[in-house]
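Given next are the chains, with one letter for each unit.
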Amino acid sequence: MSCASPVPCPTHLAPGGDAASGPGFDQELAPQLAHLFAAISQPLFATDREGWLTAYNPAAAELWGWSPPLRATRWCGSEAIFAADGQLLAPEQYPVARALAEGQPIRGVDIVVRRRDGARLPLSAHACPFRDAAGALLGAVVLLLDTSGQRQAEARARAAAIAKTRFLSAMSHELRTPIHGILGLSELLAATAAEGKRLGAEELSWIEDIRASGQHLLGLVDDAINFAQASVAAARPQGPRRSTLLGKTVSDVASTVQPAFARRGVGLTLRGTAGAASAALDPAAARQALLGVLREALRHMPEGGQVTMEWGVAAEKGIAFVHVACPGLTLPPDLLADLDTPFAGADRDTYARGLEGMGLSVASAGELLRGHGGQLLIQAGREGAAPGFHLAMPMAFDAAPPPAAHAPPAPRPGTPARASFPLDQVMAATQDIILVTAADLDTPGPTIVYVNPAFTEMTGYPAEEVLGRSPRLLQGPGTDQEVLRRVSEELRAGRIAQATVLNYRRDGVPYWIEMRIVPLRDRRGTISHFAAIERVVPPVVMPA
């Protein structure tokens, strides 16, 4: 009788059953025993005294992945049984075999069974022999308990204990060092003041050391807070995702970290794909993840090194990405791979002592990305590729909503919408540079008809000094004329032009901008003006 038939019971006998298998069961109890087998949700099976399978319930068949034939299958329906440590067990080591051989219950044995499809499941086996009224051994019943949940909980508990140990180890070291420095230098300053001495160069350097130690302490606290916030954000159910323009985020982050890179003598280059690369990720989360990766990269870059951030999309995979390449990274590959492990800095004693931080920056970035459906990949730099970090995020697909059934007709192309708010105040308040010119592109060039305050703040030119003049007054010896020629061609064709160019302030100081120039059309659809929206990029950013 197989499990596909009505629920098997211990009273079932295959043809040719021996005397030991039959009289041991009260035939009147057979239906009740059958219902009992079926009612038990855990895998349960029985064997005769030789170990041949005589009964099993549906849960056992589901566990094994098939319905083994009774009286033709010995010991159990699994393909193989392993000990908890992964060692393959011989049949005589199976819990049911031991219960039959020893004549006593074998309880709570941790095993791993292999199903017919190759899957392995952790279980706790409880085998108990049963006898007839005279005490003769008839067979054994085996109950299997799924321990996967328990093992996962134990694994989480072990991981939490390890994380706690790492945290305490890292914090005790990282906090103790600057605190000792602050206390020691403070005592020296106090002693100097008590002696009535004036503070000299050495004492002033102590004050600077105290300030640096205080900043280090603040950074440690920020590390711990950022990681906690990232972990909470990753565990929190996510609502509708906002989109992030990667080019803008990368540029903003580069502006933030550029001073720190300059102090360490490390270069920073940005490279972006043409067009808008948009990720379905909250802008604040994208910024925090990228800052965390760059902060950790800077800790391990040699003086004179170069970090490159490249962003774009893999449309066929629905992925937006930022790749941070760090050639020359001094962290060994095996330690680099551990950076996504919280508090991994505590395990880098032989290498990283003296470096600031607790190894949380990259781990925080990983938590944030995974919590928003993304992924952080660490590249060890083997096989000729530069080491670095690959931040992958879901790509944002911006689709216009369908028009309402009775929506008013859309305005004709080129027809300006009527604003119910003062547009001049919006233009004046934006931090991006906005410059509007007439549409004549021939020499001496288009004339400026409007600039916003951000233009004056960046270039040093007051509006009254540039109105009526050509934007070419901002060009200088380092301006790439080939780039400007391509921009002119795009505008003459009536297309939006984008480029990164080098301009010069009124005082001659050069600065890089990313500009987007949009043709403006009058009511007849004729181009009447060009509007340039410009954003300053860090001086380390060079055009591709």
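On a predicted model such as this, the values are computed, not experimentally measured, just so you know. (Residues numbered from 1 in each chain as written. Predicted model: local features only at pLDDT ≥ 70, side-chain atom pairs only at ≥ 80, totals over all residues. Heavy atoms only, no water.)

(A) Quick peek at the packing of helix H6 (residues 246-264) against helix H7 (residues 283-299). H7 packs onto H6 with a crossing angle of 20° between their chain directions and a minimal axis gap of 10 Å. The orientation of H6 relative to H7 falls into the category roughly parallel. The element H6 and its partner H7 pack so that their crossing is right-handed. In this structure, H6 contributes Thr249, Val250, Asp252, Val253, Thr256, Val257, Ala260, Phe261 and Arg264 to the contact, and H7 contributes Ala286, Arg287, Leu290, Leu291, Leu294, Leu298 and Arg299. In the contact of H6 with H7, the residues fall into 10 nonpolar, 2 polar and 4 charged. (Axes fitted to C-alpha atoms, helices over the stretch in contact; angles between N-to-C directions. Helix = DSSP H or I, 4+ residues; strand = E, 2+ residues; numbered from the N terminus. Parallel < 35°, antiparallel > 145°, perpendicular 65-115°, else oblique. Left-handed = near helix turned anticlockwise from the far one by under 90°. Contact = heavy atoms within 4.5 Å. Nonpolar A, V, L, I, M, F, W, Y, C, P; charged D, E, K, R; others polar.)

(B) Region of interest: the sheet that holds strand S4 (residues 106-114). Here 6 strands make up an open sheet; going across it, the order is S2-S1-S6-S5-S4-S3 and the pairing antiparallel. Each having just a single partner strand, strand S2 (53-56) and strand S3 (80-83) make up the two edges of the open sheet. Averaged over all pairs of adjacent strands, the angle between their axes in this sheet comes to 35°, without regard to strand direction. Examined bridge by bridge, S3 and S4 share 4 bridges and lie antiparallel to one another. Note on S4: the bridge partner recorded for phenylalanine 82 is valine 112. In the packing of helix H3 (residues 95-102) onto the sheet, contacts are made with strand S1 (44-48), S4, strand S5 (120-131) and strand S6 (137-146), and the angle to S4 comes to roughly 145°. (Pairing = 2+ DSSP bridges.)

(C) Spatial organisation of the confidence of the model for the chain. Residues with a pLDDT of 70 or more make up 68% of the chain, whose mean pLDDT is 75. Within the chain, helix H9 (residues 349-352) has the poorest average pLDDT of any element, 41, and H3 the best, 95. The low-confidence segment residues 1-30, where pLDDT is below 50, has 50 contacts with residues more than four positions distant or belonging to other chains. Segment residues 398-421 is flagged for pLDDT under 50; beyond a separation of four residues in sequence, or across chains, it makes 6 contacts in the model. (pLDDT = per-residue confidence, 0-100.)

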